[in-house]
Amino acid sequence: MATEEKLALVREVIKRTRKCKDMTQSDLAKAVSVATATIGFWESGVIKSIRKVNRNAVAEALGIDKRLLSYNPDSTALQQSYLEKFANSKENFDLQPLPDLLVVTGSGPNRTYYSSGSAHDVMGYINSLQERVQALEDKLQRIEKAFKGDKEDGNH
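Residues numbered from 1 in each chain as written. Predicted model: local features only at pLDDT ≥ 70, side-chain atom pairs only at ≥ 80, totals over all residues. Heavy atoms only, no water.

*Asks:* How do you make sense of the pattern of salt bridges when you look at a structure like this?
*Replies:* Opposite charge on two side chains allows them to pair when their charged atoms are near. The full count for this structure, using the stated rule, is 4 salt bridges. Across the salt bridge formed by arginine 11 and glutamate 4, the nearest N and O atoms sit 3.3 Å from each other. Among the salt bridges present, the one from glutamate 12 reaches arginine 16, with a minimum N-O distance of 2.6 Å. Of this pair, glutamate 12 and arginine 16 both sit in helix H1 (residues 4–20), 4 residues apart, roughly one helical turn. (Salt bridge = Lys/Arg side-chain N within 4 Å of Asp/Glu carboxyl O. Helix = DSSP H or I, 4+ residues; strand = E, 2+ residues; numbered from the N terminus.)

See the structure below:
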């Protein structure tokens, strides 16, 4: 039987990861094929121990390593390290997943960013920065052109 500390670690990993991924208890329940109340009972500790088959299904639904939901004492350090990411964030549960893979093609104004993950917010931010840089480069060229024109007018 798992100790209360191990049970609490598993509950916390489930709850924080679910919130980080903007999933409701209902979303997770559907993905795992259990009742919404069951997710609430797992997270609150009303149901003390979660069956391995359900822990594995939760890990898959949340996209995390199954060891993070293990009651094995060997996984404690991994679980604590994982939870520290949340404790170090400015607000509870504000940690957002980053893209699994970021591919950059082209250069200059033809540079394009692709992500294999569901990181549309990150990609949108990168693309907006790229557009701002391009606008600044265009403005700089206009200023340089205007300055060059003033110098030529002054020399004649």
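The discussion continues.
*Asks:* Any chance you could explain the nonpolar core here in plain terms?
*Replies:* One broad rule of soluble globular proteins: the nonpolar side chains tend to lie buried together. Residues Val13, Ile14, Leu28, Val58, Ile64 and Leu69 are the most contacted members of the largest nonpolar core, which totals 21 residues. Sorting the residues of this core by element identifies H1, helix H2 (25–32), helix H3 (36–44), helix H4 (52–62) and helix H5 (76–87) as the ones contributing at least two each. Sort the elements by how many residues they give to this core and H1 lands first, with 5 residues. Setting aside residues up to four positions removed in sequence, valine 58 forms contacts with Ile14, Leu28, Val32, Trp42 and Leu69. (Core = buried A, V, L, I, M, F, W, Y, C linked by side-chain atoms within 4.5 Å. Buried < 20%, exposed > 50% of the residue type's maximum accessible area, 1.4 Å probe, protein only. Contact = heavy atoms within 4.5 Å.)

*Asks:* Would you mind showing me how to read the side chain of serine 70 here?
*Replies:* Along the chain, serine 70 turns up in the loop between H4 and H5. By relative accessible area, serine 70 is classed as buried at 17%.

*Asks:* Got a minute to help me understand unusual backbone geometry in this structure?
*Replies:* The phi dihedral of aspartate 22 is positive, around 55°, even though this residue is not glycine. On the accessibility criterion, aspartate 22 (61% relative accessible area) is exposed. Phi is positive for serine 33, close to 65°, though the residue is something other than glycine. Take serine 33: it is sitting in the loop between H2 and H3.

*Asks:* Got a minute to help me understand the side chain of threonine 76 in this structure?
*Replies:* Along the chain, threonine 76 falls in helix H5. Assessed through its relative accessible area of 16%, threonine 76 is described here as buried. For threonine 76, the side chain forms a polar contact with the side chain of lysine 6, separated by 3.1 Å. With sequence-adjacent residues up to four places away left out, threonine 76 is seen in contact with Lys6 and Leu9. (Polar contact = N/O pair within 3.5 Å; in protein donor to acceptor, adjacent residues only side chain to side chain.)

*Asks:* Sorry if this is basic, but what is going on with the packing of H2 against H3 here?
*Replies:* A pair of packed helices is characterised by two quantities: the angle between their axes and the separation of those axes. Across the interface, H2 lies against H3 with an axial gap of 8 Å and an inter-helix angle of 110°. When the axes of H2 and H3 are compared, the pair comes out roughly perpendicular. Contact with H2, carried on its side by Gln25, Ser26, Leu28, Ala29 and Val32, involves Thr36, Ile39, Gly40, Trp42 and Glu43 of H3 and no other residues of that element. Here the residues of the contact of H2 with H3 sort into 5 nonpolar, 4 polar and 1 charged. (Axes fitted to C-alpha atoms, helices over the stretch in contact; angles between N-to-C directions. Parallel < 35°, antiparallel > 145°, perpendicular 65-115°, else oblique. Nonpolar A, V, L, I, M, F, W, Y, C, P; charged D, E, K, R; others polar.)

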